[in-house]
Amino acid sequence: MTNPSTLLFLFCTAAPGLVAQPIIDLPNMPMTGDVVTIGLCTDPIDVALLDASAGAMQTWDFSGLTESSEEQFLFVDPSSTPWASDFSNSNLCWISWDGSHSYYVLSPSALETEGYASIITGTPPEDTAKFLINVDTERLQELPYTYGDGFVDDFSGTFSAIGFVGTMNGTVDQQVDGYGTLILPTGTYTNVVRYHFDLLQNNTLFGSTTQSTKEHWGWFSADHRFWLLQMEINIDGLGSSEQVWYNKDPALAEPNGLPESEANSVSIFPNPVQPGSSAYITGMDLAHVRAQVIDATGRNLRMFPFGTTRIDTEGLAPGAYVVRFLNTTGTPLGAARLIVQ
(Lines give C-alpha, C1' and ligand atoms only; values in the text may rest on other atoms or scores of the structure.)
Protein backbone atom coordinates (compact mmCIF):
# COMPACT_ATOMS: atom_id res chain seq x y z
CA MET A 1 0.00 0.00 0.00
CA THR A 2 2.82 2.44 0.89
CA ASN A 3 6.58 2.50 1.06
CA PRO A 4 7.50 0.59 4.24
CA SER A 5 10.20 3.17 5.02
CA THR A 6 7.57 5.89 5.29
CA LEU A 7 6.19 4.53 8.54
CA LEU A 8 9.00 2.48 10.07
CA PHE A 9 8.41 0.21 12.99
CA LEU A 10 10.29 -2.82 14.27
CA PHE A 11 8.62 -5.64 16.11
CA CYS A 12 10.04 -8.51 18.07
CA THR A 13 8.72 -11.37 20.18
CA ALA A 14 10.11 -12.53 23.51
CA ALA A 15 9.37 -15.60 25.58
CA PRO A 16 5.86 -15.39 27.05
CA GLY A 17 5.45 -14.62 30.71
CA LEU A 18 8.56 -12.46 31.10
CA VAL A 19 6.61 -9.19 31.29
CA ALA A 20 3.14 -8.67 32.77
CA GLN A 21 0.51 -7.49 30.33
CA PRO A 22 -0.44 -3.83 30.89
CA ILE A 23 -4.06 -3.05 31.75
CA ILE A 24 -5.91 0.06 30.54
CA ASP A 25 -8.57 1.36 32.94
CA LEU A 26 -10.41 4.48 34.06
CA PRO A 27 -7.27 6.40 35.21
CA ASN A 28 -5.99 6.22 31.61
CA MET A 29 -9.03 8.01 30.18
CA PRO A 30 -9.05 11.78 29.49
CA MET A 31 -10.37 14.12 32.20
CA THR A 32 -12.21 17.43 32.29
CA GLY A 33 -9.61 20.21 32.07
CA ASP A 34 -7.08 18.22 30.06
CA VAL A 35 -5.33 20.11 27.25
CA VAL A 36 -3.56 17.67 24.94
CA THR A 37 -0.95 18.86 22.43
CA ILE A 38 -0.58 16.62 19.41
CA GLY A 39 1.63 16.39 16.37
CA LEU A 40 -0.52 16.01 13.25
CA CYS A 41 1.44 13.99 10.69
CA THR A 42 1.47 13.52 6.92
CA ASP A 43 2.70 9.90 6.94
CA PRO A 44 0.52 7.44 5.00
CA ILE A 45 -0.73 4.36 6.80
CA ASP A 46 0.64 0.97 5.80
CA VAL A 47 -2.06 -1.52 6.79
CA ALA A 48 0.06 -4.56 5.95
CA LEU A 49 2.83 -3.49 8.31
CA LEU A 50 0.36 -2.69 11.07
CA ASP A 51 -1.25 -6.09 10.69
CA ALA A 52 2.17 -7.73 10.89
CA SER A 53 2.95 -6.04 14.21
CA ALA A 54 0.09 -7.55 16.22
CA GLY A 55 0.90 -9.77 19.20
CA ALA A 56 2.72 -9.86 22.51
CA MET A 57 5.97 -8.05 23.34
CA GLN A 58 6.05 -5.79 20.28
CA THR A 59 8.28 -2.79 19.67
CA TRP A 60 6.52 -0.22 17.48
CA ASP A 61 9.05 2.33 16.22
CA PHE A 62 7.39 5.50 14.92
CA SER A 63 10.29 7.80 15.80
CA GLY A 64 10.42 9.01 12.20
CA LEU A 65 6.89 10.41 11.97
CA THR A 66 6.65 13.57 9.85
CA GLU A 67 4.82 16.31 11.77
CA SER A 68 2.95 18.83 9.62
CA SER A 69 1.42 20.94 12.38
CA GLU A 70 0.97 21.17 16.14
CA GLU A 71 -2.64 21.13 17.33
CA GLN A 72 -4.55 20.80 20.60
CA PHE A 73 -7.50 18.94 22.05
CA LEU A 74 -9.44 20.42 24.97
CA PHE A 75 -11.66 18.43 27.36
CA VAL A 76 -14.47 20.34 29.06
CA ASP A 77 -17.69 19.82 30.96
CA PRO A 78 -20.45 19.41 28.31
CA SER A 79 -22.67 21.87 30.19
CA SER A 80 -20.33 24.68 29.11
CA THR A 81 -20.74 23.94 25.37
CA PRO A 82 -23.28 25.24 22.81
CA TRP A 83 -24.92 21.84 22.26
CA ALA A 84 -25.23 20.67 25.87
CA SER A 85 -29.00 20.19 25.59
CA ASP A 86 -28.58 17.84 22.62
CA PHE A 87 -26.23 15.55 24.54
CA SER A 88 -27.75 15.55 28.00
CA ASN A 89 -26.29 12.19 29.07
CA SER A 90 -22.66 13.13 28.35
CA ASN A 91 -20.22 14.00 31.12
CA LEU A 92 -17.17 14.76 28.96
CA CYS A 93 -16.74 16.84 25.79
CA TRP A 94 -13.69 16.65 23.51
CA ILE A 95 -13.12 19.84 21.45
CA SER A 96 -10.78 19.46 18.47
CA TRP A 97 -8.57 22.19 17.01
CA ASP A 98 -11.08 22.62 14.14
CA GLY A 99 -13.89 23.41 16.59
CA SER A 100 -15.72 20.09 16.31
CA HIS A 101 -17.22 18.77 19.55
CA SER A 102 -17.38 15.09 20.53
CA TYR A 103 -19.63 14.12 23.43
CA TYR A 104 -18.89 11.12 25.64
CA VAL A 105 -20.36 9.18 28.52
CA LEU A 106 -17.43 8.07 30.69
CA SER A 107 -18.04 5.47 33.40
CA PRO A 108 -15.90 2.89 35.21
CA SER A 109 -16.97 0.28 32.63
CA ALA A 110 -16.75 2.16 29.33
CA LEU A 111 -16.10 5.27 27.27
CA GLU A 112 -19.11 5.67 24.98
CA THR A 113 -19.88 8.24 22.28
CA GLU A 114 -23.19 10.07 22.47
CA GLY A 115 -22.58 12.16 19.38
CA TYR A 116 -20.77 14.91 17.52
CA ALA A 117 -21.49 18.51 16.56
CA SER A 118 -19.65 21.04 14.45
CA ILE A 119 -20.26 24.22 12.47
CA ILE A 120 -20.45 23.85 8.70
CA THR A 121 -18.59 26.76 7.11
CA GLY A 122 -18.19 27.95 3.54
CA THR A 123 -21.88 27.84 2.60
CA PRO A 124 -23.80 30.82 4.00
CA PRO A 125 -25.53 30.86 6.31
CA GLU A 126 -23.36 28.77 8.61
CA ASP A 127 -25.13 25.72 9.95
CA THR A 128 -24.59 23.01 12.56
CA ALA A 129 -23.98 19.41 11.58
CA LYS A 130 -24.99 17.03 14.35
CA PHE A 131 -24.74 13.27 14.75
CA LEU A 132 -26.79 12.19 17.75
CA ILE A 133 -26.15 8.58 18.72
CA ASN A 134 -29.25 8.87 20.86
CA VAL A 135 -30.90 5.48 20.35
CA ASP A 136 -27.95 3.24 21.16
CA THR A 137 -24.61 4.85 22.09
CA GLU A 138 -21.37 3.84 20.36
CA ARG A 139 -18.90 2.04 22.64
CA LEU A 140 -15.39 3.39 22.06
CA GLN A 141 -13.50 1.80 24.97
CA GLU A 142 -14.59 -1.08 27.21
CA LEU A 143 -12.92 -0.82 30.62
CA PRO A 144 -10.74 -2.32 31.86
CA TYR A 145 -9.01 -4.07 28.97
CA THR A 146 -5.74 -5.74 28.09
CA TYR A 147 -4.18 -7.74 25.27
CA GLY A 148 -6.59 -10.35 23.90
CA ASP A 149 -9.79 -8.53 24.88
CA GLY A 150 -12.35 -7.26 22.40
CA PHE A 151 -16.00 -6.45 21.83
CA VAL A 152 -18.64 -5.88 19.16
CA ASP A 153 -21.10 -3.02 19.68
CA ASP A 154 -24.10 -1.77 17.68
CA PHE A 155 -25.07 1.90 17.66
CA SER A 156 -27.87 3.99 16.14
CA GLY A 157 -29.29 7.49 16.10
CA THR A 158 -30.04 10.50 13.91
CA PHE A 159 -28.10 13.13 12.02
CA SER A 160 -28.96 16.60 10.74
CA ALA A 161 -27.34 19.27 8.57
CA ILE A 162 -28.52 22.17 6.42
CA GLY A 163 -32.13 21.46 7.29
CA PHE A 164 -32.04 17.76 6.41
CA VAL A 165 -32.58 15.00 8.98
CA GLY A 166 -31.72 11.33 8.56
CA THR A 167 -31.07 8.17 10.53
CA MET A 168 -27.91 6.15 11.06
CA ASN A 169 -26.84 2.82 12.46
CA GLY A 170 -23.65 0.82 12.55
CA THR A 171 -21.32 -1.62 14.25
CA VAL A 172 -17.91 -1.36 15.92
CA ASP A 173 -15.73 -4.49 16.05
CA GLN A 174 -12.68 -3.96 18.29
CA GLN A 175 -9.80 -6.26 19.19
CA VAL A 176 -6.92 -5.48 21.56
CA ASP A 177 -4.26 -7.02 19.35
CA GLY A 178 -0.88 -6.17 20.87
CA TYR A 179 1.23 -4.86 23.72
CA GLY A 180 4.82 -3.80 24.20
CA THR A 181 6.93 -0.65 23.67
CA LEU A 182 6.06 2.40 21.55
CA ILE A 183 8.74 4.78 20.24
CA LEU A 184 7.59 8.26 19.21
CA PRO A 185 9.55 11.36 18.14
CA THR A 186 9.24 12.58 21.76
CA GLY A 187 10.42 9.43 23.54
CA THR A 188 9.96 5.76 24.32
CA TYR A 189 6.94 4.42 26.21
CA THR A 190 6.62 0.99 27.79
CA ASN A 191 3.53 -0.83 29.11
CA VAL A 192 1.68 0.09 25.92
CA VAL A 193 -1.44 -1.65 24.62
CA ARG A 194 -2.69 -1.39 21.03
CA TYR A 195 -6.26 -1.92 19.86
CA HIS A 196 -7.64 -2.12 16.33
CA PHE A 197 -11.25 -1.62 15.32
CA ASP A 198 -13.38 -1.60 12.18
CA LEU A 199 -16.47 0.61 12.06
CA LEU A 200 -19.29 0.27 9.57
CA GLN A 201 -21.96 3.01 9.46
CA ASN A 202 -25.13 3.30 7.36
CA ASN A 203 -26.68 6.74 6.83
CA THR A 204 -30.25 6.92 5.48
CA LEU A 205 -31.72 10.12 4.00
CA PHE A 206 -34.85 10.37 1.82
CA GLY A 207 -35.03 6.58 1.70
CA SER A 208 -31.53 6.23 0.24
CA THR A 209 -28.71 4.65 2.29
CA THR A 210 -25.00 5.37 1.97
CA GLN A 211 -22.27 3.47 3.77
CA SER A 212 -19.05 4.68 5.38
CA THR A 213 -16.23 2.76 7.05
CA LYS A 214 -13.43 3.54 9.46
CA GLU A 215 -10.37 1.44 10.27
CA HIS A 216 -8.66 2.68 13.42
CA TRP A 217 -5.58 1.84 15.51
CA GLY A 218 -4.95 3.33 18.96
CA TRP A 219 -2.05 3.02 21.42
CA PHE A 220 -2.52 3.54 25.18
CA SER A 221 0.09 3.45 27.95
CA ALA A 222 -0.91 2.01 31.32
CA ASP A 223 1.28 4.74 32.88
CA HIS A 224 -0.29 7.73 31.08
CA ARG A 225 -3.63 9.36 30.36
CA PHE A 226 -5.12 9.70 26.88
CA TRP A 227 -3.93 8.14 23.63
CA LEU A 228 -0.23 8.13 22.76
CA LEU A 229 -0.85 7.56 19.05
CA GLN A 230 -3.82 7.24 16.72
CA MET A 231 -4.13 6.22 13.07
CA GLU A 232 -7.32 5.90 11.07
CA ILE A 233 -8.56 5.44 7.52
CA ASN A 234 -12.01 6.84 6.66
CA ILE A 235 -13.96 5.92 3.53
CA ASP A 236 -17.34 7.44 2.67
CA GLY A 237 -19.37 8.32 -0.39
CA LEU A 238 -17.12 11.30 -1.13
CA GLY A 239 -13.78 9.47 -1.03
CA SER A 240 -11.18 8.37 1.50
CA SER A 241 -8.93 10.14 3.98
CA GLU A 242 -6.24 9.22 6.51
CA GLN A 243 -5.19 10.79 9.80
CA VAL A 244 -2.13 10.17 11.94
CA TRP A 245 -1.30 12.04 15.16
CA TYR A 246 0.72 11.48 18.32
CA ASN A 247 0.59 12.91 21.84
CA LYS A 248 3.55 15.27 22.30
CA ASP A 249 3.46 15.54 26.12
CA PRO A 250 1.47 12.68 27.67
CA ALA A 251 0.12 13.32 31.18
CA LEU A 252 0.72 10.69 33.83
CA ALA A 253 -2.30 8.62 34.80
CA GLU A 254 -3.92 9.28 38.14
CA PRO A 255 -2.46 6.79 40.63
CA ASN A 256 -4.54 3.71 41.33
CA GLY A 257 -3.21 3.27 44.85
CA LEU A 258 -1.28 4.87 47.67
CA PRO A 259 2.52 5.07 47.84
CA GLU A 260 4.20 1.74 48.51
CA SER A 261 4.96 2.69 52.12
CA GLU A 262 1.24 3.06 52.91
CA ALA A 263 -0.39 0.79 50.35
CA ASN A 264 -0.70 -2.11 52.78
CA SER A 265 -2.18 -0.11 55.66
CA VAL A 266 -4.74 2.40 54.31
CA SER A 267 -8.38 1.43 53.93
CA ILE A 268 -11.73 3.07 53.24
CA PHE A 269 -14.69 1.43 54.86
CA PRO A 270 -17.41 0.58 54.29
CA ASN A 271 -16.61 0.22 50.60
CA PRO A 272 -18.98 0.08 48.77
CA VAL A 273 -20.91 2.67 50.75
CA GLN A 274 -24.60 3.58 50.44
CA PRO A 275 -25.50 7.04 49.05
CA GLY A 276 -25.97 9.60 51.79
CA SER A 277 -23.95 7.70 54.39
CA SER A 278 -20.28 8.03 55.37
CA ALA A 279 -17.08 6.13 54.69
CA TYR A 280 -13.97 6.37 56.85
CA ILE A 281 -10.24 6.50 56.08
CA THR A 282 -7.88 4.57 58.32
CA GLY A 283 -4.32 3.34 58.22
CA MET A 284 -2.47 6.59 57.50
CA ASP A 285 -1.64 9.78 59.39
CA LEU A 286 -4.04 12.40 58.03
CA ALA A 287 -2.94 15.30 60.24
CA HIS A 288 -1.22 17.02 57.29
CA VAL A 289 -3.21 15.33 54.53
CA ARG A 290 -6.48 16.36 52.94
CA ALA A 291 -8.81 14.14 50.90
CA GLN A 292 -10.33 15.08 47.54
CA VAL A 293 -13.24 13.25 45.87
CA ILE A 294 -13.06 13.09 42.06
CA ASP A 295 -15.65 11.66 39.68
CA ALA A 296 -15.09 9.52 36.59
CA THR A 297 -14.46 12.56 34.36
CA GLY A 298 -11.83 14.07 36.65
CA ARG A 299 -14.02 16.76 38.19
CA ASN A 300 -13.22 17.72 41.77
CA LEU A 301 -16.53 17.23 43.58
CA ARG A 302 -15.41 18.06 47.11
CA MET A 303 -12.32 18.76 49.18
CA PHE A 304 -12.06 17.91 52.88
CA PRO A 305 -9.95 19.79 55.47
CA PHE A 306 -6.62 18.49 56.75
CA GLY A 307 -7.09 15.69 59.26
CA THR A 308 -10.53 14.62 58.02
CA THR A 309 -11.15 10.88 58.34
CA ARG A 310 -14.85 10.83 57.36
CA ILE A 311 -16.02 11.02 53.73
CA ASP A 312 -19.60 12.27 53.52
CA THR A 313 -21.31 10.85 50.40
CA GLU A 314 -24.43 13.02 50.64
CA GLY A 315 -25.31 14.15 47.10
CA LEU A 316 -23.01 11.66 45.35
CA ALA A 317 -24.75 9.57 42.69
CA PRO A 318 -24.11 5.82 42.62
CA GLY A 319 -20.85 5.08 40.82
CA ALA A 320 -17.08 4.85 41.16
CA TYR A 321 -15.03 7.72 42.56
CA VAL A 322 -11.36 8.38 43.22
CA VAL A 323 -10.36 9.64 46.68
CA ARG A 324 -7.07 11.47 46.19
CA PHE A 325 -4.78 12.42 49.08
CA LEU A 326 -2.83 15.72 48.98
CA ASN A 327 -0.12 17.08 51.26
CA THR A 328 0.17 20.67 52.51
CA THR A 329 1.64 21.87 49.18
CA GLY A 330 -1.10 20.20 47.12
CA THR A 331 1.16 17.41 45.87
CA PRO A 332 -0.75 14.14 45.33
CA LEU A 333 0.37 11.38 47.69
CA GLY A 334 -1.76 8.68 46.10
CA ALA A 335 -5.36 7.68 45.67
CA ALA A 336 -7.89 4.97 46.40
CA ARG A 337 -11.15 3.86 44.80
CA LEU A 338 -14.52 4.50 46.48
CA ILE A 339 -17.71 2.84 45.26
CA VAL A 340 -21.11 4.39 46.05
CA GLN A 341 -24.01 2.00 45.48
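Before reading on, note that the structure itself is shown above.
Residues numbered from 1 in each chain as written. Predicted model: local features only at pLDDT ≥ 70, side-chain atom pairs only at ≥ 80, totals over all residues. Heavy atoms only, no water.

Asker: Before we go on, may I ask you to explain the side chain of Ser 100 in this structure?
Answerer: Here Ser 100 lies in the loop between strand E4 (92-95) and strand E5 (101-107). Judged by its relative accessible area of 19%, Ser 100 is buried. Within polar-contact distance, the side chain of Ser 100 engages the side chain of Asp 98 at 2.8 Å. In contact with Ser 100, not counting residues within four places along its chain, are Trp 94, Ile 95, Ala 117 and Ser 118. (Helix = DSSP H or I, 4+ residues; strand = E, 2+ residues; numbered from the N terminus. Buried < 20%, exposed > 50% of the residue type's maximum accessible area, 1.4 Å probe, protein only. Polar contact = N/O pair within 3.5 Å; in protein donor to acceptor, adjacent residues only side chain to side chain. Contact = heavy atoms within 4.5 Å.)

Asker: Explain the pattern of salt bridges here, please?
Answerer: Pairing of side chains with opposite charge becomes possible as their charged atoms draw close. Summed over all chains, the structure comprises eight salt bridges. Sharing partners across several salt bridges, the network here consists of Glu 67, Glu 70 and Lys 248. (Salt bridge = Lys/Arg side-chain N within 4 Å of Asp/Glu carboxyl O.)

Asker: I'm lost on the nonpolar core in this one. Help?
Answerer: Proteins that are soluble and globular tend to have nonpolar side chains buried together. Judged by nonpolar contacts, the single largest core of 33 residues is most densely connected at Phe 73, Trp 94, Tyr 145, Phe 226, Trp 227 and Trp 245. If you list the elements that add at least two residues to this core, you get strand E1 (35-41), strand E3 (67-76), E4, E5, strand E9 (150-161), strand E10 (164-184) and strand E11 (187-205). Once residues within four sequence positions are removed from consideration, Trp 94 is found in contact with Phe 73, Leu 74, Phe 75, Ser 100, His 101, Ser 102, Tyr 104, Phe 226, Trp 227, Gln 230 and Trp 245. (Core = buried A, V, L, I, M, F, W, Y, C linked by side-chain atoms within 4.5 Å.)

Asker: Is there a simple way to think about the pairing of E10 in this case?
Answerer: The side chains of a regular strand alternate between the sheet's two faces. The pairing of strand E2 (residues 55-61) with E10 spans five bridges and is classified as parallel. Each residue of the ladder has a partner; that of Thr 59, found in E10, is Thr 181. Bridging between E9 and E10 involves twelve bridges; their strand directions are antiparallel. Along E10, the bridge assignment pairs Phe 159 with Gly 166. Linking two consecutive strands that pair antiparallel, namely E9 and E10, is a turn of two residues; a positive phi of about 50 degrees is found at Ile 162 within it. (Pairing = 2+ DSSP bridges.)

Asker: Please explain the sheet that holds strand E18 (residues 278-282) as it appears in this structure.
Answerer: Two modes of strand pairing occur in sheets, parallel and antiparallel, and in both the strands are linked by backbone hydrogen bonds. Judged by pairing direction, the sheet is antiparallel, and its three strands sit side by side in the order E17-E18-E21 without closing on themselves. Both edges of this open sheet fall to strand E17 (267-269) and strand E21 (310-312), since each of them pairs with a single strand only. The mean angle between the axes of side-by-side strands here comes to 25 degrees, regardless of whether they run parallel or antiparallel. As paired elements, E17 and E18 share three bridges and run antiparallel to each other. Note that in E18 the partner of Phe 269 across the bridge is Tyr 280. (Axes fitted to C-alpha atoms, helices over the stretch in contact; angles between N-to-C directions.)

Asker: Please explain a nonpolar patch on the surface as it appears in this structure.
Answerer: Residues Ile 162, Phe 164 and Phe 206 make up a contiguous nonpolar surface patch of roughly 370 Å² in combined accessible area. By secondary structure assignment, the location of Phe 206 is in the loop between E11 and strand E12 (208-221). (Patch = residues over 30% accessible without salt bridge, like charges linked within 9 Å, V, L, I, M, F, W, Y side chains within 5 Å. Areas by Shrake-Rupley, 256 points an atom, 1.4 Å probe, with all protein chains shown as cover.)

Asker: Could you clarify how one ought to interpret the packing of aromatic side chains in this entry?
Answerer: Ring pairs (aromatic) are described by centroid distance and by the angle formed between their planes. For the structure on display, the rule yields 20 aromatic pairs. Pairing Trp 94 with Trp 227 gives two aromatic rings, centres 5.5 Å apart and planes at 35 degrees, and the pair type is tilted. Here the residue Trp 94 occupies a position in strand E4, and Trp 227 occupies one in the loop between strand E13 (224-225) and strand E14 (229-236), the gap between them amounting to 133 residues. Each member of the pair, Trp 94 as well as Trp 227, is classed as buried. Through a chain of ring-to-ring contacts, three or more aromatic side chains come together here, namely Phe 73, Phe 75, Trp 94, Trp 97, Tyr 104, Phe 220, Phe 226, Trp 227 and Trp 245. Directly above the aromatic system of Phe 306 lies the positively charged group of Arg 290, at a separation of 5.0 Å from the ring centroid. (Phe/Tyr/Trp six-rings, centres within 6.5 Å; stacked < 30°, edge-to-face > 60°. Lys NZ or Arg CZ within 6 Å of the ring centre and 35° of its normal.)

Asker: Honestly, the pairing of E12 in this entry has me stumped. Any pointers?
Answerer: Both E11 and E12 contribute to a ladder of 14 bridges, which runs antiparallel. The residue bridging Asp 198 from the neighbouring strand is Glu 215, located in E12. Taken together, E11 and the strand that follows it, E12, pair antiparallel across an intervening segment of two residues, in which Phe 206 is found at a positive phi of about 55 degrees. Of the pairings in the sheet, the one linking E12 to E14 comprises seven bridges and is antiparallel in character. In the sheet register, Trp 217 faces E14, and the bridge partner there is Met 231.

Asker: Looking at this structure, how should I read the environment of Gly 307?
Answerer: By secondary structure assignment, the location of Gly 307 is in the loop between strand E20 (300-303) and E21. When the C-alpha positions of Gly 307 and Ala 291 are compared, they lie 8.7 Å apart, and in sequence the two are 16 residues distant. When near neighbours in sequence (up to four residues on either side) are disregarded, Gly 307 contacts Leu 286, Ala 287 and Val 289.

Asker: Help me understand the side chain of Glu 232 in this model?
Answerer: Position of Glu 232 relative to the elements: it lies in strand E14. Within the structure, the side chain of Glu 232 is placed 3.0 Å from the side chain of His 216, a separation counted as a polar contact. Polar contacts involving the side chain of Glu 232 include one to the side chain of Asn 234, which spans 3.1 Å.

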